[in-house]
Amino acid sequence: MIRDSLTVLTLLAAALVLSCSHKTAFAPTPKPTAFGAAIVESSGGKQIAQAGTALPQPLIVQVNDEQGAAVAGALVEFSAAPGVTFDPANGLTDSSGQVTTNVTLGGLAGRYQLTASTTGKALKKVELRIEEIALGYQQTLGRQLNDQYCERCHNPESTVERVSNFDNLEIKPHPLTDGDTLNKISDADLSAIISHGGPALNKSALMPAWGNTLSKSDIQALTSYIRAITDPPNRNAGPVYAKN
Amino acid sequence: MKKQLKSLWQKLFGNSVRAFGVVSLVFLASLAIAPAKNHFSEWRHYQQGYLKMIRNRSDAVTLQRHFQGGIQQIWLPDLGVVDRCTSCHVGLKEASLNDVNVQPFRPHPAIPHKLDQFGCTMCHRGQGAATTVVEAHNSTLAWEQPILPAKYIESSCGECHREPLAGAPQLNQGRQLLSRYGCVHCHTVKLPDGKIVKPTDDPPSLEHIADKTTREWIYVWLKDPQAYASTATMPNFKLSDDDARDVSAFLMANSTPLPGDTTALSAKASSDPAAGATLYGESFCASCHAVQNAAGNLVGGDVGPELTRLGNKVKPEWLQEWLRNPRSYDAETAMPHYRFSDPQVATLSGFLLAKTDSELLANVHLEAATPEQIAHGKRLASDYGCASCHEIAGIKKPENFAPELSRIGNKPVTQLVFLPGMQHTIPDYIAAKIRQPRAFGQGLKMPQYTFTPAQIDSLATALLALNDRSATLPPSLTVAATPESDYQPAGKAGKLMTDLACFSCHRINGHGGDMAPDLTWEGSSVQRQWLAEFLKNPNTLRPALIRRMPRFNLTGGEVNELTDYIMTVYQSPAVDRDSMPLSGYPQGQVELGRQLFYGKYACQGCHIVDTKTDKGYIGPTLTQVGSRLTAAWIFEWMKNPQALRPGTTEPNRAMNDEDARALTAFLISQKGGGKSEVKK
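Being a predicted model, the structure only gives us computed values, none of them experimental. (Residues numbered from 1 in each chain as written. Chains lettered and ligands numbered in written order. Predicted model: local features only at pLDDT ≥ 70, side-chain atom pairs only at ≥ 80, totals over all residues.)

(A) Structural context of the overall build of chain A. Within chain A one finds five helices and ten strands. For chain A, with 244 residues in total, the buried portion stands at 34%. Restricting to contacts in chain A with at least 6 residues of sequence separation, those with at least 24 account for 59%. (Helix = DSSP H or I, 4+ residues; strand = E, 2+ residues; numbered from the N terminus. Buried ≥ 20, exposed ≤ 12 C-beta atoms within 10 Å, placed from the backbone. Contact = placed C-beta atoms within 7 Å.)

(B) Broad picture of the pairing of strand E4 (residues 75-79) of chain A. Residues and elements named next belong to chain A. Here three bridges tie E4 to strand E6 (residues 90-92), and the two strands are oriented antiparallel to one another. Bridging across to E6, valine 76 finds its partner in glycine 91. Bridge count between E4 and strand E8 (residues 110-119): four bridges; the pairing is antiparallel. Bridge assignment links glutamate 77 to a residue of E8, and that residue is serine 117. (Pairing = 2+ DSSP bridges.)

(C) Summary view of the sheet that holds strand E3 (residues 59-64) of chain A. Residue and element names in this part refer to chain A. Read across the open sheet, the four strands follow the order E1-E3-E7-E5; overall the sheet is antiparallel. Strands with a single pairing partner mark the edges of an open sheet, and in this sheet they are strand E1 (38-43) and strand E5 (85-87). Adjacent strand axes in the sheet meet at a mean angle of 35° when their direction is disregarded. (Axes fitted to C-alpha atoms, helices over the stretch in contact; angles between N-to-C directions.)

(D) Layout of the domain arrangement of chain B. In terms of domain boundaries, chain B breaks down into domain 1 (2-34), domain 2 (42-147), domain 3 (159-200 + 401-477), domain 4 (209-379), domain 5 (491-569) and domain 6 (587-679). Distance between the C-alpha centres of domain 2 of chain B and domain 5 of chain B: 56 Å. (Domains from an automatic or database assignment.)

(E) A look at the packing of helix H9 (residues 169-180) of chain B against helix H22 (residues 453-464) of chain B. All names here are of chain B. Two elements in contact, H9 and H22, have axes separated by 7 Å at closest approach and are oriented at 90°. It follows that H9 is roughly perpendicular to H22 by the angle criterion. Each of Gln170, Leu171, Gln173, Gly174, Arg175, Leu177 and Leu178 in H9 lies in contact with H22, whose residues at this interface are Gln455, Asp457, Ser458, Leu459, Thr461 and Ala462. (Parallel < 35°, antiparallel > 145°, perpendicular 65-115°, else oblique.)

(F) View of the nonpolar core. All names here are of chain B. In terms of nonpolar packing, the biggest core is built from 118 residues, with Ile430, Ala460, Leu463 and Ile634 touching the most fellow members. Beyond its immediate sequence surroundings of up to four residues, leucine 463 is in contact with Leu405, Ile408, Gly409 and Ile430. Counting residues in hydrophobic clusters, the runner-up holds 22 residues, among them Leu206, Ile209, Leu222 and Phe237. (Core = buried A, V, L, I, M, F, W, Y, C linked by C-beta atoms within 7 Å.)

(G) Highlighting the interface of chain A and chain B. In this assembly, 33 residues from chain A lie in contact with 32 residues from chain B. In terms of residues, the side of chain A that touches chain B owes the most to one element, helix H2 (residues 137-154) of chain A, which gives seven residues. Here the side of chain A that touches chain B is built from residues that sort into 17 nonpolar, 15 polar and one charged. (Nonpolar A, V, L, I, M, F, W, Y, C, P; charged D, E, K, R; others polar.)

(H) Structural detail: the confidence of the model for chain B. Residues and elements named next belong to chain B. Residue-level pLDDT values for chain B average 88, and 96% of them are 70 or greater. Mean pLDDT per element in chain B: helix H33 (residues 676-679) is the minimum at 35, and helix H27 (residues 556-569) is the maximum at 94. Interface scoring of the predicted complex returns ipTM 0.79; its pTM is 0.84. (pLDDT = per-residue confidence, 0-100.)

(I) Looking closely at the pairing of E8 of chain A. Residue and element names in this part refer to chain A. Two strands pair when backbone bridges link them, and E8 and strand E9 (residues 125-135) are joined in this way by ten bridges, in the antiparallel orientation. Counterpart to leucine 114 in the pairing with E9 is isoleucine 130. Counting the residues that bridge the hairpin from E8 to E9 gives five residues, and of these leucine 123 lies at a positive phi of roughly 60°. Across two bridges, the pairing between E8 and strand E10 (residues 240-241) is parallel. Note that in E10 the partner of tyrosine 112 across the bridge is tyrosine 241.

(J) Quick peek at helix H3 (residues 42-55) of chain B. Residue and element names in this part refer to chain B. Here H3 contains 14 residues, and its C-alpha end-to-end distance of 20 Å stays within 8% of the 20 Å for a straight helix at 1.5 Å per residue. Listed in full, the buried residues belonging to H3 are Trp43, Gln47, Tyr50 and Ile54. Down the axis of H3, the sector holding all buried residues measures 55°, keeping them to one side. The outward face of H3, more than 90 degrees from its buried face, is lined by the exposed residues His45, Gln48, Lys52 and Arg55. Buried-residue contacts for H3 involve helix H4 (60-66). (Expected span 1.5 Å × (residues − 1). Arc of directions from axis to C-beta.)

(K) Representation of the domain arrangement of chain A within the structure. All names here are of chain A. Partitioning chain A into structural domains gives domain 1 (38-135) and domain 2 (137-237). Here the C-alpha centroids of domain 1 and domain 2 sit 30 Å apart. Contacts between the two partners involve six residues from domain 1 and, on the opposite side, seven residues from domain 2. Partitioning the side of domain 1 that touches domain 2 into residue classes produces four nonpolar, one polar and one charged.

(L) Quick peek at unusual backbone geometry. Backbone torsion omega between aspartate 231 of chain A and proline 232 of chain A reads 0°, so that peptide bond is classified as cis. Considering the arrangement of structural elements, one finds proline 232 of chain A in the loop between helix H5 (216-229) and E10. Even without a glycine there, the phi angle at asparagine 509 of chain B is positive, about 50°. By the element assignment, asparagine 509 of chain B lies in the loop between strand E5 (507-508) and strand E6 (511-512). Given 15 C-beta atoms within a 10 Å radius, asparagine 509 of chain B is considered partly exposed. One non-glycine residue with positive phi stands out, namely asparagine 553 of chain B, at about 55°. Within the element layout of this structure, asparagine 553 of chain B appears in the loop between helix H26 (528-536) and H27.

Written out as C-alpha cells, the structure is:
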C-alpha cells in the first residue's frame, strides 16, 4: 500500500518536474533536413555600427556542399561574445542556401567576432568567423566628421547621394581603411597631417589643413575613428570580443 | 536520545566555567560575522582581481600608484549623486587599459564630461550607492531603475541638453522622428521648458478629398498605406475590410467640392513620355519626390510624397490644377508654385498619371455606400482619432487623444502592462510598444508603424530623455534649446517667396530647410546681374549634386522683385560688397593668385577653374565665379569661410591678407569667357 502510494507520488513529482522544465525551455531549435560541407559569408561582414546598436545591414551566410552548391534546409547557429544578440539566433537555410539574421553588437567598443556554424555530414561542426566593428562614443563623433569632411575624397566608392572625388585627384588619397599604410603612421603624425595638411609631412598639397576648421578634440575623434576601422586592424583599435 | 542530549548539555554547560567558555566562543563567532562579510565582499574580490591583472603589465607601477583600495565614492550633492561604482570599476580613468576586454576593468571611453563632475548614474542610471553587482545594475525591490542599455545612452545627454547636440546623433534623430512621423499629433509631449513639441509632417486636410482621389484608392490606402508607397508616413491602422469600406464611404460622403471652378479639365493630359520625363527632370521634381526605379530602388528626395503609383491615386483634373498652383488646394504646402504653361501642365500630368500599378486597385469593388455604413465610418474615424492629424469636416480635433509622454522616461513599471516573456523595464517597454503597439492588448488604437530597428532605438532614446529628473533640473544645470525662428520676409517679395516655397529648401535667418544653401547673407555674396539670370534660368553650380534649384518660369517683374529684395535685405554686416572692385587688379597679383590656387592651397582638389585640367567635384565650379560673387565676399571667405556660413565644408586656411587679396584677384578674373561652354 505504502509502496504504491510512493510510486504514485514519484510519478507525480516527475511529471511536475518535466512540465515545469518544459515551460522554461527556449524556442526550440529547428531540425535540419540537410547537411552542408562549408559555410560562407554572403554579405554583412565588416560592418560598422555604434556600440550597442543594430548593424545597418543584416548578416547573410550561405551553406554549401562539397561541390560548392547551395544547401537548403541546413541548420545555421549564430553565436558571439555576451552582449551580442542575433534575431534569429538560428535558422534553416532557405531555397538559395542562405540564412539571414539581424545583429545587435555589444555595448563596448571594439571588434566583435561572430561565429556562424552548421553541422556537417559526419556531425562535424563547420564554423565561419565574421568580424564587425563597434564604435565607441569618440569614434562615432569621428565618423560624423569623416562623413562631412573626409569621405568625399578618401572613399573611392560613389553612391547616388555622394559622388566620390577620389578619381579626380591627381595624387590619390589613401582610403581610410588602408591599414597597411595608415598603421605605419603614428598618432602624432596622423593628427599633424589632418591639422597642418599634406605638405606638413611631405605629402600631397591636395590634402588641405583642417587645423583652423576642426578643434583638437575633433581631430582626436577622427584619428580614433580611423584607428578603429583600418584593415588590417591597428594595434590601438581596441579589444576583440569573441565567443568564450 | 534524551540521555545523549543530557550528556551534551553536561559537556557544554556542566559547570559555570565551561558555560562561560562556550558562550564566549559563540559570542566571538557571531562578532566575526560582520568583518568576514566585509572581507568576502564583491568589490574586494574585484579589487584583488584588478591588482592581479595589472601585476604583469608593463605599466604596472603607474597603475599601482593610481590604485586606491577600499570603497570609492563620487559624491555630488548638487546633482544628488552618490556613486560607488568606482569601487569595482577601478580602471575607469586608465586610458592605457584600452586593450583589456573584461569588465569591470575597462577604461571609460573619452567623453566631453569628467567622471568626477558628473558621476556615473547621471548617464548610466542604476543604483549608485549600492556595492554589489546585482543591486547596482539590476532593478530590485528598493530600486526600480536598472542600468540603461548602452544603445540608449544618448538619452541621458538629452536630460540636460535640450538643443540639437552634435555629439548625440541618435538623440537628435529620435527627436526629429517624434515630429516627422506625427507621434505628437496624438501624444502631447511637453518639454521641461514648457514648450509643446510640434509635428512637422503636415498631413493633408480631408475636407475636399473627393476632388483629389477615388473611394477605391482611399480604401486601399487605409488598408495598407505602405502598399501604395513604401515611404508613406501614414501608419497602418489594421482596419478590417468592412471598416475600411465604411471609413472610405464616410470620407467621400463628407467631402465638399473646393470652391471655385477647379474641376474643368482645361488641357487634355498629353501622352509624350519623353517630353514628360524631360520636364520632370528639368523641374527637379526628384529633389523632393522619390520614384521607384526598375530595380526597385527609390530615387529622389523625401520632402514630398513618393510618386511611384501616383496614377492610381489622383484624379487628372485635380493633378492638373495642383501642378498649375498647389496653393489653391493647400495653402500651406511645401510644394512651390511653378508657373507652368498649359502645355507643360498637360505634358507633366500625362507623364505622372502614367505612373500606375495595375494590381493596386484591381481587386477593389466597392458598392454604393449605405447611410448606415457612412455613419459607422464616421464613428470609426472619430474612434481612431483620424482628426488628430487630418482636418475632417464635422469631427473636431480630439484633445489628449493618447497618453501624454512628457515624463514617459521613468514611468513606474507597475503602471505598465508588459508582454509575456519581455523584461520589465521602461526602455524595453517603449521599444516594444513602438515596434508592435497592437500586441499589448485587444482594442488598442495605436497604429502600426514601419520603423527600422535603428529608428525605434532613436525614438526610444528621445523618449527616455523625458523623465522626472529632466523635468525638475534647475535651469542653471541645463543647456536651453535654440528658440525656433519663425522669420517671414515682408512685403510683395515675401509673398512671392512663400508662393515659391523658398523656405522648403533654403534657410534664411534661422528659418527654413537645409537642402539648399543658407541665403541669410546672399545679398553680400552675389552680383545682382548673376542673381537675376540665375532666378530666370538656374544652372547648376556643383556638378555632383542631384538636388538642384528648379526653374519656376518667373516673369521679368517677379525676378526683379526678388532680386531687389535679396540684394537689399540679405546683407552681412561683416562684408561691404562695394569695398573691393570687380575688375582692374594688377596682372602680377592675378598671377600670384593663380600660383597660390594651384600650389600652396591646391584648390583644384575640390574646385574647377579650368575645365581642361581641373577636376575637383566637391565645391562649386569656379569658371564664372568672377561674374557671380562679389570681390569683398571672396576676400572675407578666403580668410574665414565658417564666419560667413557656419558649418560649410570649405576648410579655414587662416590666410593672411596678401594671399587672400591675390586669390580674390585671380578668382574675380574668372568671368567665364562667354556662354559658349554652357551651351555645349
